[in-house]
Amino acid sequence: QVQLVESGGGLVQAGGSLRLSCAASGRTFSSYNMAWFRQAPGKEREFVAAIRLSGDNTYYADSVKGRFTISRDNAKITVYLQMNVLKPEDTAVYYCAAQFPIGRNLRASSQYDYWGQGTQVTVSS
């Protein structure tokens, strides 16, 4: 069992930055791939970024590539999402997710096993 708690959301102007954190419980954190998804009002949940359990491989949605960076600290059992050059279209609730990495699709929300409660990010124009 893994419990995830996100923090770091808030209101920021376009062009600004935020860093989201996702603190995990459980000693098996390093055994999971981790990801961030987001969901805007009236839209489906969408993939943002993922990082494999080793931290060596990262993946991004085209819409955030070059602006967002996902990282993890297995010693602190925390995963981060550094968001730069934020745009109004980045406004959404951001969710952290954990996936046991056996033949799973990192970009598919349906293939994640644990989810946090979400943190709101609002980017004003």
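In what follows, the structure referred to is the one given above.
A few words on the overall build of the chain. The helix and strand tally for the chain stands at zero helices and eleven strands. The helix and strand sequence of the chain, counted from the amino end, reads β-β-β-β-β-β-β-β-β-β-β. Here the C-alpha radius of gyration of the chain, 13 Å, is about what a compact globule of 125 residues would show, namely 14 Å. Seen through its C-alpha atoms, the chain measures out along the principal axes to roughly 40 × 25 × 25 Å. Scored against the burial criterion, the 125 residues of the chain give a buried share of 42%. Here the analysis covers contacts within the chain between residues at least 6 apart in sequence; of these, 58% occur between residues at least 24 apart. Roughly 6300 Å² of accessible area belongs to the chain as shown, and the carbon and sulfur atoms make up 47% of that amount.

Turning next to the environment of V93. Inspection of the secondary structure puts V93 in strand β9 (residues 92-99). The spatial distance from the C-alpha of V93 to the C-alpha of R104 is 24 Å, given a sequence separation of eleven residues. With sequence-adjacent residues up to four places away left out, V93 is seen in contact with F37, R38, Q39, G118, T119 and Q120.

This brings us to the state of the cysteines. This model, assessed by the stated rule, comprises one disulfide. Sulfur-sulfur distance for the disulfide between C22 and C96 comes to 2.1 Å. Looking along the S-S bond of the C22-C96 disulfide, the torsion reads about -80°, which is the left-handed sense. With a gap of 74 residues between them, C22 in strand β3 (residues 18-24) and C96 in strand β9 connect regions that are remote in the sequence.

Two modes of strand pairing occur in sheets, parallel and antiparallel, and in both the strands are linked by backbone hydrogen bonds. Strand order in this open sheet of four strands is β1-β3-β8-β7, and the pairing throughout is antiparallel. The sheet is open, and its two borders are formed by β1 (4-7) and β7 (68-73), each paired with just one other strand. On average, adjacent strands in this sheet sit at an angle of 15° to one another, irrespective of strand direction. Sheet topology places β1 next to β3; four bridges connect them, and they run antiparallel. Following the sheet pairing, E6 is matched in β3 by C22.

Let's shift gears to the nonpolar core. In this structure, L4, M34, W36, V79, L81, M83 and Y94 are the most contacted members of the largest nonpolar core, which totals 37 residues. Only β3, β4 (33-39), β5 (46-51), β7, β8 (78-83), β9 and β11 (119-124) provide two or more residues apiece to this core. Not counting residues up to four positions away in its chain, the partners in contact with L4 are C22, A23, A24, M34, C96, A97, A98, Y114, W115, G116 and Q117.

Cut-offs applied
- Residues numbered from 1 in each chain as written.
- Predicted model: local features only at pLDDT ≥ 70, side-chain atom pairs only at ≥ 80, totals over all residues.
- Heavy atoms only, no water.
- Helix = DSSP H or I, 4+ residues; strand = E, 2+ residues; numbered from the N terminus.
- Rg over C-alpha atoms; globule rule 2.2 N^0.38 Å.
- Buried < 20%, exposed > 50% of the residue type's maximum accessible area, 1.4 Å probe, protein only.
- Contact = heavy atoms within 4.5 Å.
- Areas by Shrake-Rupley, 256 points an atom, 1.4 Å probe, with all protein chains shown as cover.
- Disulfide = S-S within 2.5 Å.
- Pairing = 2+ DSSP bridges.
- Axes fitted to C-alpha atoms, helices over the stretch in contact; angles between N-to-C directions.
- Core = buried A, V, L, I, M, F, W, Y, C linked by side-chain atoms within 4.5 Å.

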